[in-house]
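Understanding the architecture of this molecule
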There are 2 protein chains.
Amino acid sequence: MARVVVDVMPKQEILDPQGQAVANALPRLGFDGIASVRQGKHFELEVDDNVDDEALAKIAETFLANPVIEDWTVRRIES
Amino acid sequence: MARVVVDVMPKQEILDPQGQAVANALPRLGFDGIASVRQGKHFELEVDDNVDDEALAKIAETFLANPVIEDWTVRRIES
């Protein structure tokens, strides 16, 4: 059983209203020095050892992310 | 300018319906061998160099996460 992390983020050229809302709110709450915030999704999967990187990439690309507007990364954190 | 990643995940004892929906859908789509999926949030912040770890922890705990139901981690990926 391996643990896999998939991070999905809006592409750099795509507006990220959630992240902008956070970035705008921080100074009002007294937190200065934050230049930008982008918000995405973080998935933690437990997968069988026979699931290979190709299958994980396919899951990330076709199911966890919308590749038109989002970038994704897959990394194994334990195996 | 440093880049900081904050990951926010539902605590282990908290139900995660989004993650369960993903886990249930994967076999229907032909992806087998995924034992569990949990979904959280992933923030990427660009912060000034004078923002210390204590301030980042406070931002994560009080603003990005709901510490009653969520765990969070902060890591710097570049400085």
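In this text, all values refer to a predicted model and were calculated from it rather than measured experimentally.

Thoughts on the pattern of salt bridges
Inspection of the entire model under this criterion finds 10 salt bridges over all chains. A salt bridge links Asp-53 of chain A to Arg-76 of chain A; its shortest N-O distance comes to 2.9 Å. Taken together, the residues span a long stretch of sequence, with Asp-53 of chain A in helix α2 (residues 53-64) and Arg-76 of chain A in strand β3 (residues 70-78) at a distance of 23 residues. Exposure remark for Arg-76 of chain A: the relative accessible area of 35% places this residue in the partly exposed category. Of the charged contacts in the structure, one is a salt bridge between Lys-11 of chain B and Asp-71 of chain B, with a shortest N-O distance of 3.1 Å. Taken together, the residues Lys-11 of chain B in the loop between β1 (2-10) and α1 (17-28) and Asp-71 of chain B in strand β3 (residues 70-78) connect sequence positions 60 residues apart.

What about the pairing of β1 of chain B?
Residue and element names in this part refer to chain B. The element β1 is extensively covered by neighbouring structure, given that eight of its nine residues are classed as buried. Across seven bridges, β1 lies against strand β2 (residues 34-47) in antiparallel orientation. Across the sheet, Val-5 pairs through a bridge with Glu-44, a residue of β2.

Regarding the relation of the copies chain A and chain B
After a rotation of 180° and a shift along the axis of 0.0 Å, chain A superposes on chain B with an RMSD of 0.0 Å. Such a combination of turn and shift is consistent with a two-fold rotation axis. Of every C-alpha in chain A, the one belonging to Lys-41 of chain A sits nearest the axis of rotation, 2.3 Å from it. A share of 100% of interface residues in chain A that are also interface residues in chain B marks the association as one of identical surfaces.

Topic: the interface of chain A and chain B
Contact with chain A, which involves 33 residues of that partner, is made by 33 residues of chain B. Summing the contributions of chain A and of chain B, the shared interface buries around 2,600 Å²; its carbon and sulfur component is 68%. Its largest share of buried area at the contact with chain B, chain A owes to Phe-31, His-42 and Phe-63 of chain A, together 21% of the area lost on that side. Between the two partners, chain A and chain B, sit zero salt bridges. Taken together, chain A and chain B are joined by 12 residue pairs in polar contact (both at pLDDT 80 or more). Counting only elements with at least two residues in the side of chain A that touches chain B, the list comes to β1 (2-10), α1 (17-28), β2 (34-47) and α2 of chain A. The dominant element in the side of chain A that touches chain B, judged by the number of residues it contributes, is β2 of chain A, at 14 residues. As defined by bridge partners, β2 of chain A adjoins β2 of chain B across 13 bridges and the pair is classed as antiparallel. Bridging from a neighbouring strand, Lys-41 of chain A pairs with Lys-41 of chain B of β2 of chain B.

Procedures and definitions
Residues numbered from 1 in each chain as written. Chains lettered and ligands numbered in written order. Predicted model: local features only at pLDDT ≥ 70, side-chain atom pairs only at ≥ 80, totals over all residues. Heavy atoms only, no water. Salt bridge = Lys/Arg side-chain N within 4 Å of Asp/Glu carboxyl O. Helix = DSSP H or I, 4+ residues; strand = E, 2+ residues; numbered from the N terminus. Buried < 20%, exposed > 50% of the residue type's maximum accessible area, 1.4 Å probe, protein only. Pairing = 2+ DSSP bridges. Least-squares fit on C-alpha atoms with pLDDT ≥ 70 in both. Contact = heavy atoms within 4.5 Å. Buried area = accessible area lost by both parts, 1.4 Å probe. Polar contact = N/O pair within 3.5 Å; in protein donor to acceptor, adjacent residues only side chain to side chain.

By themselves, these figures tell us nothing about what the structure is for.
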